[in-house]
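# Structural characterization, general
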Amino acid sequence: MNIIQHVANLLIRSVFHADPASWPWTWLVQAVVIGIAAFLAFAFVAIFAGPVSWIERRIAGRIQSRIGPNRVGPQGVLQWLADGVKCWLKEDLVPAAADRPLFLAAPYLVFTGMFGAFVVLPFGAQVVAADLNVGILYLLAITSLVVVGLLMAGWGSNSKWALFGGVRSAAQLVSYEVPSAFSLLCVVLLAGTLSTQGIVAAQGGWPWDWFIFRNPFMFAAFFLYFTAAIAEGNRTPFDLPEAESEIVAGYNIEYSGMRFLFFLFAEWANIWIMAAISAFAFLGGWQIPGIAPEQIAATKGWEFVGWQALSWTIFLVKATFLVFVVIQIRWTLPRLRVDQLMITCWKYLVPLSMLMVLGVLVLLALVPEGGGADTILRGAMVGLGLAVVLVSALRVRRTFRVDREHYREMEGRDLWYPPYRLP
Amino acid sequence: MTPAEIRERVSAACPGAVEEFQADLLDPVLRLRPDRLREVCRFLRDDPGLRLHYLRLVTGIDRPAAADSETPGGIDVVYHLWSYELRHGCQLRVRLDRANPVVETVSDLWPDANWYERECFDLLGVTFAGHPGLTRLLMPADWVGHPLRKDYARPERYHGLPTSRATVLAEGRAAEVAPAMHDTKAQPIEGYLRLNMGPHHPATHGVINFLLETDGEILKKATPDVGYLHRGIEKLAEQVGYVGTMPYTDRVDYLGAMFTNHGWALAVEKLLGVEVPRRAEFCRVIASELNRIASHLISTGSLAMDLGAFTPFLHWIRERETINDIMERICGARLTYNYLRFGGVSRDIDPETLDKIKHWIDHFEPMMDEFDRLISSNEIFVRRLAGVAVISPADAIAYGLVGPNLRASGVAWDTRRDEPYSIYPEFAFDVVTGRAVHGTLGDAYDRYDCRLREIKESLKILRQAMAAIPEGEARVKVPRPKPAANEVYARVEGPRGECGFYVVSDGTEKPYRARFRTGSFTAMTIIEHLSPGLMLADLVALIGSLDVIAPEIDR
Amino acid sequence: MIPEPVRALLFYLCAGLALAGGCWVAFARNIVHSAFALLATFAGVAGLYAFLSADFLAVVQLMIYVGGVLVLILFALMLTSRIEEARVSNPTIGLVPGAVVLIAVSALLVYACVKEFGGTTDLPPGEPTTAGIGDALLSRYVLPFEVISVLLLAVLLGAVTIAGGRLRKPAPGGKPGKERP
Amino acid sequence: MVPAVPPPVRPNPVRAYFGNIRRAVSSTFEGMTVTMSWLFRRPSTIQYPDRTEKPVREMLPETYRGLLEVDLSRCTACLLCAKTCPLGCISIETCKHPDGAREFQTFDIDNGLCMFCGLCAEACNFDALAHTREFEASVSSAEQLTVRFVDRPGRLVAKAKDLPPRRPRGSILAALIPGFGRRRRRAAPPEPPASPAPAPAAGAEGPENPEGTA
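As the structure is a prediction and not an experimental result, all values here were calculated from the model. (Residues numbered from 1 in each chain as written. Chains lettered and ligands numbered in written order. Predicted model: local features only at pLDDT ≥ 70, side-chain atom pairs only at ≥ 80, totals over all residues. Heavy atoms only, no water.)

## So, the overall build of chain C
When its secondary structure is counted, chain C shows six helices and zero strands. Its helices and strands taken in sequence order, chain C reads α-α-α-α-α-α from the N to the C terminus. Across the 181 residues in chain C, those meeting the buried criterion constitute 23%. Of the contacts formed within chain C by residues at least 6 apart in sequence, a portion of 67% connects residues at least 24 apart. When the accessible surface of chain C is summed, it comes to about 12700 Å², and 74% of that surface belongs to carbon and sulfur atoms. (Helix = DSSP H or I, 4+ residues; strand = E, 2+ residues; numbered from the N terminus. Buried < 20%, exposed > 50% of the residue type's maximum accessible area, 1.4 Å probe, protein only. Contact = heavy atoms within 4.5 Å. Areas by Shrake-Rupley, 256 points an atom, 1.4 Å probe, with all protein chains shown as cover.)

## Considering the overall build of chain B
Of the regular secondary structure elements, chain B holds 17 helices and 17 strands. Relative to its full complement of 555 residues, chain B shows a buried share of 66%. When contacts within chain B are restricted to residue pairs at least 6 apart in sequence, those whose partners lie at least 24 apart make up 67%. When the accessible surface of chain B is split by element, carbon and sulfur atoms take 53% of a total near 17900 Å².

## Regarding the side chain of Arg335 of chain A
Here Arg335 of chain A is to be found in the loop between helix H12 (301-330) and helix H13 (338-366). Residue Arg335 of chain A is classed as buried on the basis of its relative accessible area of 0%. In this structure the side chain of Arg335 of chain A is engaged in a polar contact, spanning 2.8 Å, whose partner is the side chain of Asp239 of chain A. In this structure, Arg335 of chain A is in contact with Pro237, Asp239, Leu240, Ala243, Glu244, Ser245 and Glu246 of chain A together with Asp306, Leu307, Gly308, Ile380 and Arg384 of chain B, ignoring residues within four places of it in sequence. (Polar contact = N/O pair within 3.5 Å; in protein donor to acceptor, adjacent residues only side chain to side chain.)

## Observations regarding the interface of chain A and chain B
Facing 32 residues of chain A, the contacting portion of chain B comprises 43 residues. By the criterion of area lost to chain B, the three top residues of chain A are Pro334, Arg337 and Met410 of chain A, representing 18% of everything that side buries. Our count for the contact surface shared by chain A and chain B stands at three salt bridges. As a salt-bridge pair, Arg168 of chain A and Glu217 of chain B come within 2.5 Å of each other at their nearest N and O atoms. Here chain A and chain B share 12 residue pairs in polar contact (both at pLDDT 80 or more) between them. Breaking the side of chain A that touches chain B down by element, the ones donating at least two residues are helix H6 (160-191), helix H9 (244-247), H13 and helix H14 (372-411) of chain A. At seven residues, the largest contribution of residues to the side of chain A that touches chain B is made by H14 of chain A. Residue composition of the side of chain A that touches chain B, grouped by class: 13 nonpolar, eight polar and 11 charged. (Buried area = accessible area lost by both parts, 1.4 Å probe. Salt bridge = Lys/Arg side-chain N within 4 Å of Asp/Glu carboxyl O. Nonpolar A, V, L, I, M, F, W, Y, C, P; charged D, E, K, R; others polar.)

## Focus on the environment of Ala541 of chain B
Residue and element names in this part refer to chain B. Mapping Ala541 onto the fold places it in helix H16 (residues 536-546). For the pair Ala541 and Asp306, spaced 235 residues apart in sequence, the C-alpha to C-alpha distance is 6.8 Å. Those residues in contact with Ala541 that lie beyond four places of it in its chain are Leu303, Leu307, Arg384 and Leu385.

## Looking at the packing of H6 of chain A against helix H10 (residues 257-282) of chain A
All names here are of chain A. Taken N-terminus to C-terminus, the directions of H6 and H10 make an angle of 30°; their axes are 10 Å apart at the nearest point. The angle between H6 and H10 places the two elements in the roughly parallel class. Contacts from Ser183, Leu184 and Val187 in H6 reach Ile277, Ala281 and Phe282 in H10. (Axes fitted to C-alpha atoms, helices over the stretch in contact; angles between N-to-C directions. Parallel < 35°, antiparallel > 145°, perpendicular 65-115°, else oblique.)

## A few points about the sheet that holds strand E2 (residues 29-32) of chain B
Residue and element names in this part refer to chain B. As summarised here, the arrangement of the five strands in space is E1-E2-E5-E4-E3, forming an open sheet in which the pairing is mixed. The sheet is open, and its two edges are formed by strand E1 (18-22) and strand E3 (54-63), each paired on a single side. Neighbour-to-neighbour, the strand axes of the sheet open up by a mean angle of 25°, direction not taken into account. Strands in contact with helix H3 (residues 113-124) are E3 and strand E4 (74-83); relative to E3, the strand with the most contacts, it is inclined by about 10°. (Pairing = 2+ DSSP bridges.)

## Some points on the sheet that holds strand E17 (residues 513-517) of chain B
Residue and element names in this part refer to chain B. Strand order in the open sheet made by the three strands is E15-E16-E17, with antiparallel pairing throughout. The open sheet has two edge strands, strand E15 (486-494) and E17, and neither has a second partner. Neighbouring strand axes in the sheet, compared pairwise and without regard to direction, differ in orientation by 10° on average. One ladder, built from nine bridges, connects E15 with strand E16 (residues 497-505); its direction is antiparallel. Residue pairing for E16: Ala490 is matched across the bridge by Phe501.

## A look at the nonpolar core
Leu44, Tyr79 and Tyr339 of chain B are the most contacted members of the largest nonpolar core, which has 182 residues in total. At 11 residues, helix H7 (residues 278-306) of chain B tops the list of elements feeding residues into this core. Looking at which domains feed residues into this core, each of domain 1 (3-129) and domain 2 (233-480) of chain B gives three or more. Core analysis: the next-biggest nonpolar cluster, separate from the first, contains 139 residues, Ile59, Phe123, Phe324 and Leu336 of chain A among them. (Core = buried A, V, L, I, M, F, W, Y, C linked by side-chain atoms within 4.5 Å. Domains from an automatic or database assignment.)

## Some thoughts on the pairing of strand E3 (residues 102-110) of chain D
Residues and elements named next belong to chain D. Here seven bridges tie strand E2 (residues 90-96) to E3, and the two strands are oriented antiparallel to one another. Counterpart to Cys95 in the pairing with E3 is Glu103. Count of turn residues in the E2/E3 antiparallel hairpin: five residues, of which Gly100 carries a positive phi of about 100°. Alignment of E3 against strand E5 (residues 146-148), held across three bridges, turns out to be antiparallel. Bridge pairing links Ile109 to Val147 in E5.

## Points about a nonpolar patch on the surface
Residues and elements named next belong to chain C. On the surface, Leu137, Leu138, Tyr141, Val142, Leu143, Phe145 and Val147 cluster together to form a nonpolar patch covering roughly 630 Å² of accessible area. Counting residues per element, the nonpolar patch draws most heavily on helix H6 (residues 142-167), which supplies four residues. The topology assignment puts Leu137 in helix H5 (residues 130-138). (Patch = residues over 30% accessible without salt bridge, like charges linked within 9 Å, V, L, I, M, F, W, Y side chains within 5 Å.)

## Focus: unusual backbone geometry
Its identity as a non-glycine residue notwithstanding, Asn234 of chain A has a phi of 55°, on the positive side. Its place among the elements puts Asn234 of chain A in the loop between helix H8 (216-232) and H9. Here the phi dihedral of Ala389 of chain B falls at roughly 50°; this positive angle occurs in a residue that is not glycine. Locating Ala389 of chain B in the fold gives a position in the loop between helix H10 (379-385) and helix H11 (393-398).

## A word on the confidence of the model for chain C
Looking at chain C, pLDDT values average 76 and 74% of them are 70 or higher. Within the model, pLDDT remains below 50 along residues 169-181 of chain C, and this stretch shows 24 contacts once partners closer than five positions in the same chain are excluded. (pLDDT = per-residue confidence, 0-100.)

## Points about H10 of chain A
The terminal C-alpha atoms of H10 of chain A, which comprises 26 residues, lie 38 Å apart, in line with the 38 Å expected from a rise of 1.5 Å per residue. Burial analysis of H10 of chain A places 23 of its 26 residues in the buried class, the great majority of the element. (Expected span 1.5 Å × (residues − 1).)

## Describing the pattern of salt bridges
Residues and elements named next belong to chain B. With the rule as written, the count across this model stands at 86 salt bridges over all chains. Here Asp47 ties to Arg9 by a salt bridge, and the two come within 3.0 Å at their closest N and O atoms. Here Asp47, found in the loop between helix H2 (37-46) and E3, pairs with Arg9, found in helix H1 (residues 3-13); they are 38 residues apart in sequence, far enough to count as distant. Glu365 is paired through a salt bridge with Arg463; the nearest N and O atoms lie 3.0 Å apart. Note that Glu365 is positioned in helix H9 (residues 351-376) and Arg463 in helix H14 (residues 444-468), a separation of 98 residues in sequence.

## So, the pairing of E15 of chain B
All names here are of chain B. The buried fraction of E15 is high, at nine of nine residues. On E15, burial covers both faces: Asn486, Val488, Ala490, Val492 and Gly494 on one face and Glu487, Tyr489, Arg491 and Glu493 on the other are all buried. As consecutive antiparallel partners, E15 and E16 are separated by two residues.

## Here's the deal with the packing of H7 of chain B against H14 of chain B
Working note: a packed helix pair is described by the angle between its axes plus the distance between those axes. All names here are of chain B. Their axes nearest at 9 Å, the elements H7 and H14 cross at an angle of 160°. Here H7 lies roughly antiparallel to H14, going by the angle between them. Note on packing geometry: the crossing formed by H7 with H14 is left-handed. Facing Phe282, Val285, Ile286, Glu289, Leu290, Arg292, Ile293, His296, Leu297, Ser299, Thr300 and Leu303 of H7, the residues of H14 in contact are Tyr448, Arg451, Leu452, Glu454, Ile455, Ser458, Leu459, Ile461, Leu462, Ala465, Met466 and Ala468. (Left-handed = near helix turned anticlockwise from the far one by under 90°.)

## Some remarks on the packing of aromatic side chains
Applying the stated rule across the entire model yields 47 aromatic pairs over all chains. A ring pair is formed by Phe501 of chain B and Phe516 of chain B, whose centres lie 4.8 Å apart and whose planes are at 50°; its orientation type is tilted. Here Phe516 of chain B lies in strand E17 and Phe501 of chain B lies in strand E16, a separation of 15 residues in the sequence. Just above the ring of Phe521 of chain B sits the side chain of Arg515 of chain B; from NZ or CZ to the centre is 5.6 Å. Looking at Arg41 of chain D, its charged tip hangs above the ring of Trp38 of chain D, at a distance of 4.1 Å from the centre. (Phe/Tyr/Trp six-rings, centres within 6.5 Å; stacked < 30°, edge-to-face > 60°. Lys NZ or Arg CZ within 6 Å of the ring centre and 35° of its normal.)

Here it is in structure tokens:
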């Protein structure tokens, strides 16, 4: 029974005191509930895209030795609202020579693609708008609407730069869908289902139960997927469609006001979506360590709510961590050239991701789950993951210490200024 | 080989071509018959004993007949030649009829003459017969008159736009509609997409326009269109005098104002024969090298930004900010220094500032390694630059590239070492050249790499200079300059290469003609040559790696 | 699951979308608009698939047709030269022959529908179809499946050959393309 | 001088392939550790204009070349500054009284024209004209950019032999243009102006000193 029906029935029983099975207006109540749910989901997208934009700007600030927006609201958390209001109030310009219907429709199409993806994201143990049987395929399919939207924007603007951006982005998205699909295929092979909740359920709460640490091929597939997802999201180093130093913001060059905001909205929502997909497909999703999903389903009342909240939190933490990584990558790397972009995809990501599929298949056949070899493999992969974290922490520490003394001498102040200390 | 010996050879090879040899000037000049110019030029370039492959400067001087003199007036066209291999040079000059100044082009002998001749045509009205595209370079295509002519009168209005500030203030506002001042509507090439990259484009580093003909992402041709920042500083120099020009030189190259200051001071000091106190020379070197670092920081940082990496740029801006603070202490301004004076510097550097510089260098040196880890060794960055827009050494010389751009192609020439000025011979430093780190010699990465290594050399010089700075006066009093009639070409090694100042004096307080030879001007001429076959994104990398500064082109 | 009136509404929406999109494709005078209108058709058809409980097919319809075919069509359109004249790029040949063809085809389709199905049937139950499709493709229909794969491969190779021949021309400046990953 | 260019070596394609992957991964990792380390370092920007520790003008060095000001009580109207200025942004007019004393008519500095080169201040022999550390010069019209230093009629030109001490830099400008550059400062620190109320300079023109120190 899905949550929407559940809520509708509850409403009918408690408010109208009728039996939902025989009451003639059941469908109406259900429709209204669906509408409200859709609105909530919409607001959710907005609420996520907004703070992600703020987080990105703050992190970018610190990475660049700046402070970042900190004026609107405490520490600037409401900056995105202010920007939204500003964009709303701005004039909605349509270039005189633009292809008007296409120009006007494009942002909504882009946004629909992003919004649709939220439907199948498994946020918590029982929290998913629609647990489709073909969930992960649906994710791949619905995001392809974005391509059409970008092409539409590029064409409709009737600007050569915008057309460059639109065509670049279409070529890029179509290409990178291949490696990302192959990488997700590895996950599907292990999980044996296309359903997003099914994929989460096939993993466990502890790191060694996650797909990423299942075997070396999955470990590699995670990074391949992540790379391809960054490319699909038009993020640095694959942000060619909006390369400001080459084609001056590309497909959104002619947009202003709310329509422009929709593109940005979609971009930030997309970061969140790709982080969420990576989190549920490879990093165990909302799984709580030490407790099985069935146990959660069996609980009642506040206990049930508590577990739900915990699972939700775990998922959000994982996804937010990945969002952070995406943001950090953006402020670290330069941009590829368009031929290099294609070479990266077709010469590197596609063959490698195919290789990962083969590898996962072979291991599925050779290494039975739960056997000794499987345990060793998982242990080794978790060790590798820990080693990566440890090495990077040490490198960060060393980089910091190199400058510390000189900085004190130059500025007369200590260099240490942790991220939680906000100006 | 001295100019006199060169003159001997020219006379021997082309008898009768040299009309006059002006040996009494600071830089002796061979005056040629205009109809023999090409012949002599070809000889000078190709003769194995001369090998003057580098055309340093072509410019003109308008010399109208004085009212009381019987000598006919004319327009002089001046050619400065140099040989990197044999380390000698000479100056040629032809005197043209003022009413109909025509001379044959040398743009097929030295490709960088193309733009020099266009500028000469634009500002002085000299026609170069046989030039492939003699159109105005800096002024709008429909401008009337040639501003550097001595009898030029500025029009009050251009397309309804007032040309003086007083008129603008009086009318309350400028004209409503500005016309298209530059001809961007040249015939497009069939089958190619015409794109205007600029004048307002994030990658053009100032207001420059590139007319692109592209086949998708691949360029057929990129034609630079400059002049959007032309302020006529050379004309201003003729009006405000030697002293007053100093602050204007700040505006020639806003990232390397110390060098344009220095070049101007050197030129005028040469004309005056002024000795500069030692302490002042040290101040000049310290300030110059700091400025060089600051300029290279911007150059390398903005190249990274053009390639999409924003963070390295801001980190370099941060380091440059400290330099700016130091500069502010030294001379009172962060960008337009106006620090040098004839006979010294405007203000001594105090010990506290020297201390600050030392602390900053200590902090900055490890930062260079961090920067390398962040961006220079980044695989994407390397791939974006390595092998892109390769300039061969011969091309670099022929197109008149200077400074890091020239050295990146493997030509080890540094004015500080090879034509010494100030006290640079006292310091130990290396002339960095391209080393084909990741690709081909003379590619965009080499140019980037050269600049980064030059920063290290500048740090070396700074440390030595600060250790050896003597006590003493930082300025000698020089009376208001009034040099006798003479000519001089002074050059310094700026961050964008040779920064030359060709000054013609006539015994008054104002220069008769000043011509600033800048690195970006010639760097722009090579872009059209390099662009075919590049991708759009490579063009951005090329512009960034050449470190082109718009005001330096237009002046 | 979904209440019946809502269901009906959604069905007519999807059907209408497909139909309207189709009409737009046919009648738009701007070829780029026609191409974009295909999006509506594809989306409507995907919706109809979903109604028929063919969830896999619906999603694949979106993925292949919207994400692949439509984008390629648009690509091809935008890369043609003389696209500047695209504003009226879809000339009508003639209303009369068009109408004749339309009526004939419609009649045929209606006849076929009535003859074959005649009336309504119940919707199949909403069960996952993915596993069934996979089984069928790799057992009963494995030969057609492979034949189609080979055909697609041939098409791919052909496309690469044609495109490669054009691209290998030296660039206008004589600078060879850079072989760098 | 012109070096020989070595022919490019073609590496083993397999090694190049995996070498590319290795370099891409390792250099990205290195770059990310650098950016990560910046999350723990002190930001170098300050929050201009209202959240700085002290007003920005006080952080500037004494040598800073900000807006020009002239202490008319020390100005002998020698016109050296006006002659030195390459742009002619200083205009000085005086008129002569029958008794021989000279009186300022105008002493205007057009900040819209000024390029802050410092030549005029250098030329001034009496330390009358000097740069301040003021730099917030935005006004709402081009005319307002001209600062008129002669605030009242009858201001006499100083004699070179008895000059009052120079008033603190910036105080004249601050008095002349109330709130000039100080408008946006919300959390203005309650510090008094740089000079602790200087005794009214015994100027040539009498005891009153209407500007004071705002």
